[in-house]
Amino acid sequence: MSSSPIILFDGVCNFCNYWVNFAIKRDRKKMLRFAPLQGETAKQLLQRYRINSVSLDTVILIDNGKVWTESSASLRICKYMNGGWKLFYGFIIIPKFIRDFFYRIVARNRYKWWGKKEECMIPTPEVKERFLL
């Protein structure tokens, strides 16, 4: 696949798509790769890393052969962003059970609060090479 960090995200979630675009704009070194959970690449990676795909309500970061989910994935993604966004990684010191409690509230309500698309987002030509479909 790719040696770059890969973010698996819910491709039909408006909130998730917003954050993917947010990360793309702030990852000026273009290190991050993206794959919608509904795509073939994500299915292969879920199987390879033995990630339970039945109850996926999380962003997933695969980086250097390690899998990160929920708040840990979100905070680790910040390390790849330019500017002050890297500082958000400092929140990793908050115990995971506290971080994930709040993460799960947002994840559980993301469709209700921000809506859902019928199909996965289609990357623009400028960023298409960063997507693994």
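Because the structure is a prediction, the values reported are computed rather than measured.

*Asks:* How should I be thinking about the overall build of the protein chain in this particular structure?
*Replies:* When helices and strands are tallied, the protein chain shows four helices and four strands. Helices and strands in the protein chain line up, N terminus first, as β-α-β-α-β-β-α-α. Along the longest, intermediate and shortest principal axes, the C-alpha atoms of the protein chain span 35 × 30 × 30 Å. Expressed as a percentage of its 133 residues, the buried residues of the protein chain come to 44%. Long-range contacts, defined as pairs at least 24 residues apart, comprise 68% of the intrachain contacts of the protein chain with a sequence gap of at least 6.

*Asks:* Explain the packing of helix α3 (residues 70–78) against helix α4 (residues 96–114) here, please?
*Replies:* Each pair of packed helices can be described by the angle between their axes along with the distance between the axes. For the pair α3 and α4, the least separation of the axes is 7 Å and the interaxial angle reads 95 degrees. One way to sum up the angle between α3 and α4 is to call them roughly perpendicular. Of the residues in α4, those touching α3 at Glu70, Ser71, Ser72, Ser74 and Leu75 are Lys96, Arg99, Asp100, Tyr103 and Arg104.

*Asks:* What is the right way to read the pattern of salt bridges from this model?
*Replies:* Between side chains of opposite charge, a pair can form as their charged atoms come close. In the structure shown here, the tally under the stated rule is seven salt bridges. Across the pair Arg110 and Asp57 runs a salt bridge, and its minimum N-O distance is 2.7 Å. Here Arg110 is found in helix α4, whereas its partner Asp57 is found in the loop between α2 (40–48) and β3 (60–63), with 53 residues between them in sequence. By relative accessible area, which is 7% here, Arg110 ends up buried. With its nearest N and O atoms 2.4 Å apart, the salt bridge here joins Lys96 to Asp100. Note that Lys96 and Asp100 are positioned in helix α4 at a spacing of four residues, about one turn of the helix. Each member of the salt-bridge network shares a partner with another, and the members are Glu70, Lys96, Asp100 and Arg104.

*Asks:* Can you walk me through α4 in this structure?
*Replies:* Structural remark: α-helix, 3.6 residues per turn; residues separated by three or four positions point the same way. Under the 1.5 Å per step criterion, the end-to-end length of α4 is 25 Å for 19 residues, consistent within 8% with the ideal 27 Å. At Arg108, α4 is deflected by roughly 45 degrees, the largest bend along its length. Those residues of α4 that are buried are in contact with α1 (14–26) and α3. Positive backbone phi, approximately 90 degrees, marks Gly115, located one or two places after α4.

The rules behind each value
Residues numbered from 1 in each chain as written. Predicted model: local features only at pLDDT ≥ 70, side-chain atom pairs only at ≥ 80, totals over all residues. Heavy atoms only, no water. Helix = DSSP H or I, 4+ residues; strand = E, 2+ residues; numbered from the N terminus. Buried < 20%, exposed > 50% of the residue type's maximum accessible area, 1.4 Å probe, protein only. Contact = heavy atoms within 4.5 Å. Axes fitted to C-alpha atoms, helices over the stretch in contact; angles between N-to-C directions. Parallel < 35°, antiparallel > 145°, perpendicular 65-115°, else oblique. Salt bridge = Lys/Arg side-chain N within 4 Å of Asp/Glu carboxyl O. Expected span 1.5 Å × (residues − 1). Bend = angle between axes of the 7 residues up to and from the residue.

Purely spatial values, then, with no claim about function.
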